[in-house]
Amino acid sequence: MESSAAPTVSAGHDVGPAPVDLLRRLRARGAGDPVTHVERVPARVGVPAPWPAWAPPELRAAFARRGVVAPWQHQAEAATLAYDGGHVIVATGTASGKSLAYQLPALATLLADPRATVLYLAPTKALAADQLRAVAGLELEGVRPACYDGDTPRAEREWIRRHSRFVLTNPDMLHHGILPGHAQWSGFLRRLAYVVIDECHTYRGVFGSHVAHVLRRLRRQCARFGATPVFVLASATSGDPATAAGRLTGLPVTAVTEDASPRGGVTFALWEPPLLAPDSATPAVPAQAAGDHDATTDLVQVRRSALRETADLLADTVAEGVRTLAFVRSRKGAEVVAANARRALDDAVPGLGDRVAAYRGGYLREERRELERALLHGDLLGLASTNALELGVDLVGLDAVLICGYPGTRASLWQQAGRAGRSGQEALAVLVARDDPLDTYLVHHPEAIFGAPVEATVLDPANPYVLAPQLACAAVEAPLTPADLALFGDGAKEAIDQLVEAGALRQRPTGWYWRHRERPEVDLRGEGGAPVCVVESATGRLLGTVDGGSSHFLLHPGAVYLHQGISYVVDDLDLADGCALVHVEEPDWSTHARDVTDLSVVSVRSYVDAGPVGMFLGEVDVTSQVVSYQRRRIATGEVIDTRPLDLPTRELRTVAVWFTLSPRSLASAGVQQADVPGALHAAEHAAIGLLPLMATCDRWDIGGLSTALHPDTEAPTVFVYDGHPGGAGFSERAYGTASAWLRATRDAIAECGCETGCPSCVQSPKCGNGNNPLSKPDAIRVLDVVLENLPA
Ligand SMILES: [Zn+2]
Ligand SMILES: [Zn+2]
């Protein structure tokens, strides 16, 4: 959700130091220069367009009252495509005014046709509420916009169904409420002219695959009532948005990507915290008994932590009077950054620390607005925040943005950096690299940030673990017919056959019918296994649920569990009852679960035979067990100890990409037989770390396994698999971009300044084997063999 791109008036603040001078002073602080690259992102002049001729005068007047004198070119182009009946996605930057692109055609249609309706979908309730305020603020006669979500009082629901012509909701409510109740919604659906899907880049992976089928179910119900709505999607800048939107909706979609809104210039620096001298590096504490782990090779911190570096930068910019926002990935991390910056400022000038705050999740709207106000008026100069801010607080026009750790995608990076720059003024953005292969690669490969298109949003509607339950939901809503097979796409027939075999559907001459009394229970955001309830022991209060697939990692006994910014420690995980008991406690360590993994190949979907090298995509069965966890100091990352756990094994059928090499090719590349396991293991870690460069996943969405001889491939093999039942599209993407992906992996390892491997290249924070064995130089040899043989 964004405000539309009305030309804004500069608030007339004091002008801070020019970004270039500020950066010069920041980088001169310590020994050595931490800046690896400076990119100048030029200012852009806005290109306004005339109002489209079809936009009625009263609508233009309503926008004019809100300060929009004319649309920008991209808004007018997308709006006209949609008004003419084409499905369209507008994928442009932060604060480029995407909402006008859908509001214009949707509201013009509502004004022209007093019966037409619009359905707006946002990924969160808060975003829908913000959008409701924007639409209601236009005060258009007869539109009667209303939010319809889990918070809507029963008494209001019927009124909304009957009278609202602009209903704002979320995919979960569409799935659980509106589609099952389609009979009550028939009047609304019959007249549906537009479906607006805002922030559609958030529909990725398994969640995105579910949403894709919810939208197909919506289209099916509309078609039954004779309606064929136009889909208008809004996305952050993303790679190949037309294809992603086509996969999401199942329709041909035209993309508008040329951003014509104005933007201030940004000086963008890539910042790598310095390596610590070997004797000052925090030593790993010897582990306690830890199953089969050899934890003596545990992560040794070799660089200054990104949190400390960001806190210092925040203190320095605030001391210069520069309004600065620091993005930190975790809530705890944001608090650590704010606290350290406050302390440093108070040491310099007592009281100055009060100008810095941390933004926690869970703020009320009024509190968020107060923070915005304090920051924009200069009462507050520095704010350390999690990415939660991306979907909530409307903060633009800051003097500097610090990004502590690569946020996972170039799309998010640009969204965060896009907060910098008041109209007509230069701003500074700094990406502070974490100790991680992807971050390290990026600060040494600026072309991967500044020269590359942003990643594609990846989803896989053909995932049978998504398709079958969604078809079951569809069958409850109306019997499935052969005509529905094309709508639900690849794999639909197989999934229906399975549902028939399982006794869930019955085939009759007129179609496939749902056989049970109850509806199937399908959670769009859940992944594998029944959710586990998190209960506070002292009060019996239910704090929330964690999906079954993650429960062993997040809720094992001793785990530190964060909920709404409050820290809890798990006392007991009762898997039979699906319940974890926790108590409030805020230790100064975090916990990191470890697992051991076994993998077998089920089938091969596709492969490339490249002489001594083979590249494969297929289905695998992964068996894993969480066996221990590490406790690490939050401020420094220091490992305190490793503790054993006693949890059962779990099975995962998913999609994997893997490559094999002949032992002979490894030998002639100079990899000694004894070093093959360490070479493959190191290559696997780095490859997992770099996959987010290619697809919108993070390394926690993917798993890996490497072995010098796998029984199914009968060769040295590295597997990388989707961590979600049935796959989420990540491995498929890796397979499709294999040579670029492994080239980046090879370069990341080769260019890391360490000697024998570090967290910036081949060590992994989630290794099930305590990062042992690992051979950095041999990993480069392995990848060279693959790249020499694999066609580009
Ligand atoms: Zn390294
Ligand atoms: Zn490992």
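Residues numbered from 1 in each chain as written. Chains lettered and ligands numbered in written order. Predicted model: local features only at pLDDT ≥ 70, side-chain atom pairs only at ≥ 80, totals over all residues. Heavy atoms only, no water.

Student: What is the right way to read the sheet that holds strand β14 (residues 427-432) from this model?
Tutor: Paired through their backbone hydrogen bonds, the strands of a sheet run either parallel or antiparallel. Sheet architecture is open: 7 strands sit in the order β1-β9-β14-β13-β10-β12-β11, paired in mixed fashion. Each edge of the open sheet carries a strand with a single partner, namely β1 (35-41) and β11 (356-359). In this sheet, adjacent strand axes meet at a mean angle of 15° when their direction is disregarded. For strand β10 (residues 324-328) and strand β13 (residues 400-404), the ladder comprises 5 bridges, and the chain directions are parallel. For T324, the partnering residue across the bridge sits in β13 and is A400. Taken strand by strand, helix α1 (residues 19-27) contacts β1, β9 (266-271) and β14, and its axis lies near 15° from that of β9. With respect to the sheet, helix α14 (residues 410-417) is in contact with β1, β9, β10, β13 and β14, its orientation differing from that of β13 by roughly 150°. (Pairing = 2+ DSSP bridges. Helix = DSSP H or I, 4+ residues; strand = E, 2+ residues; numbered from the N terminus. Axes fitted to C-alpha atoms, helices over the stretch in contact; angles between N-to-C directions. Contact = heavy atoms within 4.5 Å.)

Student: Is there a simple way to explain the pairing of strand β21 (residues 579-584) in this structure?
Tutor: It is a general feature of regular strands that their side chains alternate between the two faces of the sheet. Relative to β21, strand β17 (residues 532-536) runs parallel, the two sharing 4 bridges. Looking at β21, one finds that E536 is bridged to V582. Relative to β21, strand β20 (residues 566-574) is paired through 6 bridges, and the arrangement is antiparallel. Looking at β21, one finds that D572 is bridged to L581. Linking two consecutive strands that pair antiparallel, namely β20 and β21, is a turn of 4 residues; a positive phi of about 60° is found at G578 within it.

Student: Could you clarify how one ought to interpret the packing of helix α15 (residues 437-444) against helix α24 (residues 738-751) in this entry?
Tutor: Pairs of packed helices are described in terms of their axes, by the angle between the two and the distance that separates them. Where α15 contacts α24, the axes come no closer than 9 Å and their chain directions differ by 85°. It follows that α15 is roughly perpendicular to α24 by the angle criterion. Mapping the contact onto sequence places P437, Y441 and H444 in α15 and A744, D747, A748 and E751 in α24. Residue classes in the contact of α15 with α24 are distributed as 4 nonpolar, 1 polar and 2 charged. (Parallel < 35°, antiparallel > 145°, perpendicular 65-115°, else oblique. Nonpolar A, V, L, I, M, F, W, Y, C, P; charged D, E, K, R; others polar.)

Student: What is the right way to read the packing of aromatic side chains from this model?
Tutor: To describe a pair of aromatic rings, one takes the distance between the centres and the angle between the planes. For the coordinates displayed, the defined rule picks out 12 aromatic pairs. An angle of 20° between the planes, with centres 5.9 Å apart, marks the rings of W51 and F63 as stacked. Of this pair, W51 sits in the loop between β1 and α2 (57-65) while F63 is found in helix α2, placing the two residues 12 residues apart along the sequence. Of the two residues, W51 and F63, both sit in the buried class. Pairing F616 with W658 gives two aromatic rings, centres 5.6 Å apart and planes at 10°, and the pair type is stacked. On the criterion of sequence distance, the pair formed by F616 in strand β23 (residues 613-633) and W658 in strand β25 (residues 650-661) is long-range, its members being 42 residues apart. (Phe/Tyr/Trp six-rings, centres within 6.5 Å; stacked < 30°, edge-to-face > 60°. Buried < 20%, exposed > 50% of the residue type's maximum accessible area, 1.4 Å probe, protein only.)

Student: Teacher, can you tell me more about helix α9 (residues 205-224) here?
Tutor: Two residues of an α-helix separated by three or four positions point the same way, owing to the 3.6 residues in each turn. Over its 20 residues, α9 extends 29 Å from the first C-alpha to the last, a length consistent with the 28 Å expected when each residue adds 1.5 Å. Buried residues dominate α9, accounting for 17 of its 20 residues. Positive backbone phi, approximately 85°, marks G226, located one or two places after α9. (Expected span 1.5 Å × (residues − 1).)

Student: Mind showing me how you'd approach the sheet that holds strand β5 (residues 166-169) here?
Tutor: Overall, parallel pairing links the 7 strands, which are arranged β4-β5-β3-β6-β7-β2-β8 in an open sheet. Two strands bound the open sheet, and with one partner strand each, they are β4 (145-147) and β8 (254-256). On average, adjacent strands in this sheet sit at an angle of 15° to one another, irrespective of strand direction. Looking at chain direction, strand β2 (residues 88-91) and strand β7 (residues 230-235) are connected through 4 bridges and run parallel.

Student: Would you explain the nonpolar core in this entry?
Tutor: General note: in soluble globular proteins, nonpolar side chains tend to be found buried as a group. One finds F268, M615, F659, W741 and L742 to be the most contacted residues of the largest nonpolar core, which totals 84 residues. Element by element, the count of residues in this core is highest for helix α22 (residues 676-690), at 9 residues. (Core = buried A, V, L, I, M, F, W, Y, C linked by side-chain atoms within 4.5 Å.)

Student: Explanation requested: the pattern of salt bridges in the structure shown.
Tutor: Inspection of the entire model under this criterion finds 28 salt bridges. Residue D33 is joined to R27 by a salt bridge in which the shortest nitrogen-to-oxygen separation is 2.6 Å. The exposure class assigned to D33 is partly exposed, which follows from its relative accessible area of 45%. Linking E370 and R373 is a salt bridge whose minimum nitrogen-to-oxygen distance equals 3.1 Å. Placement of both E370 and R373 in helix α13 (residues 365-377) is noted, with a separation of 3 residues, approximately one turn of the helix. With a relative accessible area of 43%, E370 lands in the partly exposed category. Put simply, R304, E309 and D312 are held in one network by salt bridges that share partners. (Salt bridge = Lys/Arg side-chain N within 4 Å of Asp/Glu carboxyl O.)

Student: Explain unusual backbone geometry to me, please; I cannot follow it from the model alone.
Tutor: Of all residues except glycine, most have a negative phi; of all peptide bonds, most are trans. Of note in the backbone geometry, R144 takes a positive phi value of approximately 50° without being a glycine. By the element assignment, R144 lies in the loop between α5 (125-136) and β4. The exposure class of R144 is partly exposed, given its relative accessible area of 37%. Positive phi, normally seen in glycine, also occurs at E199, with a value near 50°.

Student: Honestly, α2 in this entry has me stumped. Any pointers?
Tutor: When we look at burial in α2, the residues that qualify are L59, A62 and F63. Looking down the long axis of α2, one finds its buried residues gathered within 95° of arc, a one-sided arrangement. When the buried face of α2 is taken as reference, the exposed residues oriented beyond 90 degrees from it are P57 and R65. Packed against the buried residues of α2 are α4 (98-112). Once α2 finishes, G67 follows within two positions and takes phi at roughly 100°, a positive value. (Arc of directions from axis to C-beta.)

Student: What is the right way to read the confidence of the model for the protein chain from this model?
Tutor: Regions with low pLDDT carry predicted coordinates that are not meant to be interpreted in detail. Looking at the protein chain as a whole, the pLDDT averages 86, with 90% of positions reaching at least 70. Across residues 1-14 the pLDDT falls below 50, and counting only partners more than four positions away or on other chains, this stretch makes 37 contacts in the model. Confidence drops under pLDDT 50 across residues 280-299; counting only partners more than four residues distant or on other chains, this segment forms 44 contacts. (pLDDT = per-residue confidence, 0-100.)

Student: Please clarify how the environment of C200 should be interpreted in this entry.
Tutor: Mapped onto the elements, C200 comes out in the loop between β6 (192-197) and α9. Each C-alpha atom of the pair C200 and E751 lies 36 Å from the other, and the pair is 551 residues apart in sequence. Beyond its immediate stretch of four places on either side in the chain, C200 contacts I89, L233, A234, S235 and L248.

Student: Explanation requested: empty space enclosed by the protein in the structure shown.
Tutor: Take a probe with the size of a water molecule and roll it over the atoms, and the empty space left behind shows itself. In the structure shown here, the tally under the stated rule is 6 cavities of 30 Å³ or more. The computed volume of the largest cavity comes to approximately 70 Å³. I89, C200, H201, Y203, S235, S238, P241, A244, A245, L248, T457 and L459 are the residues that line the largest cavity. Looking at the lining of the largest cavity element by element, the count peaks at 4 residues for helix α10 (residues 241-249). (1 Å grid on protein atoms, 1.4 Å probe; cavity = no way out; pocket = protein on both sides within 12 Å on 5 of 7 lines; lining within 4 Å. Points joined across faces, edges and corners; volume = space filled by probe spheres on them.)

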